[in-house]
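An overview of the molecular structure
Read off the chains here:
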Amino acid sequence: MNDPIGDMLTRIRNGQLRGKSTVSSPASKLRGWVLDVLADEGYIRGYEKTTGNDGHPALEISLKYYEGTPVIREVKRVSKPGRRVYMAVNDIPTVRQGLGVSIVSTSKGVMSDANARANNVGGEVICTVF
């Protein structure tokens, strides 16, 4: 697999399109940190660390719905393995005039765009969520 974060985001997108309550994804530290930001921003209910069918660690992600429609309307990968995207703190874009969130990997950890601006750090823009 070339893009583990993109794979996880696609699993979340596909699970919500099918109306699933939970989806499973292989576990890693970076995936956990991205899910922490999504949970803090209210886009997912949460996640648990479990063991998958193959014996490897997995993340069981609880999806969130509002009146039957998915809370995440759009999730887009920005920095990809073939083209990394780094931005200074002043260049981090707002998503949908502040209604969405960009997830940024900084030297101080993975955080939302608002937290990155508050901590005055830039970094790699992992994805945008609306």
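As the structure is a computational prediction, the values presented were derived from the model and not from experiment.

Moving on to the overall build of the protein. Helix and strand counts for the protein stand at three helices and ten strands. Ordering the α and β elements of the protein from the N terminus gives α-β-α-β-β-β-β-β-β-β-β-α-β. Taking 14 Å as the expected radius of gyration for a compact globule of 130 residues, we find that the protein reaches 14 Å, a close match to that expectation. Taken over the C-alpha atoms alone, the protein extends approximately 45 × 35 × 25 Å along its principal axes. When the 130 residues of the protein are sorted by exposure, 40% land in the buried category. Excluding contacts between residues fewer than 6 apart, the proportion of contacts in the protein whose partners are at least 24 apart in sequence is 61%. For the protein, the exposed surface amounts to about 7600 Å²; the carbon and sulfur share of it is 46%. Distance from the positive charge centre (18 side chains) to the negative charge centre (13 side chains) of the protein: 4 Å.

With that settled, consider the domain arrangement of the protein. Segmentation of the protein into domains returns domain 1 (4-70) and domain 2 (75-129). Between domain 1 and domain 2, the C-alpha centre-to-centre distance is 19 Å. Counting residues at the interface gives eleven residues for domain 1 and twelve residues for domain 2. Together, the buried faces of domain 1 and domain 2 total about 980 Å²; carbon and sulfur atoms form 78% of this surface. Of all residues in domain 1, the largest losses of buried area upon contact with domain 2 belong to Leu9, Val37 and Tyr43, amounting jointly to 44% of the total for that side. For the interface between domain 1 and domain 2, the tally reads three residue pairs in polar contact (both at pLDDT 80 or more).

Mapping serine 25 onto the fold places it in strand β1 (residues 22-26). Placed 90 residues apart in sequence, serine 25 and asparagine 115 show a C-alpha to C-alpha distance of 26 Å. Side chain to side chain, serine 25 and arginine 31 meet in a polar contact 2.9 Å long.

Grouped together as the largest cluster of nonpolar side chains are 22 residues, with contacts concentrated most on Ile12, Val34, Leu35, Leu38, Ile61, Ile103 and Val129. Those elements that place two or more of their residues in this core are α1 (4-17), α2 (29-40), β3 (57-63), β8 (101-106) and β10 (123-129). Residues lining this core come from more than one domain, with at least three contributed by each of domain 1 (4-70) and domain 2 (75-129). Setting aside its immediate chain neighbours within four residues, isoleucine 12 contacts Val23, Leu35, Leu38, Ile61, Leu63 and Ile72. Within the second largest apolar cluster, five residues are counted, among which are Val104, Met111, Ala116 and Val121.

Basis of the calculations
- Residues numbered from 1 in each chain as written.
- Predicted model: local features only at pLDDT ≥ 70, side-chain atom pairs only at ≥ 80, totals over all residues.
- Heavy atoms only, no water.
- Helix = DSSP H or I, 4+ residues; strand = E, 2+ residues; numbered from the N terminus.
- Rg over C-alpha atoms; globule rule 2.2 N^0.38 Å.
- Buried < 20%, exposed > 50% of the residue type's maximum accessible area, 1.4 Å probe, protein only.
- Contact = heavy atoms within 4.5 Å.
- Areas by Shrake-Rupley, 256 points an atom, 1.4 Å probe, with all protein chains shown as cover.
- Lys, Arg positive; Asp, Glu negative; His and termini not counted.
- Charge placed at Lys NZ, Arg CZ, Asp CG, Glu CD.
- Domains from an automatic or database assignment.
- Buried area = accessible area lost by both parts, 1.4 Å probe.
- Polar contact = N/O pair within 3.5 Å; in protein donor to acceptor, adjacent residues only side chain to side chain.
- Core = buried A, V, L, I, M, F, W, Y, C linked by side-chain atoms within 4.5 Å.

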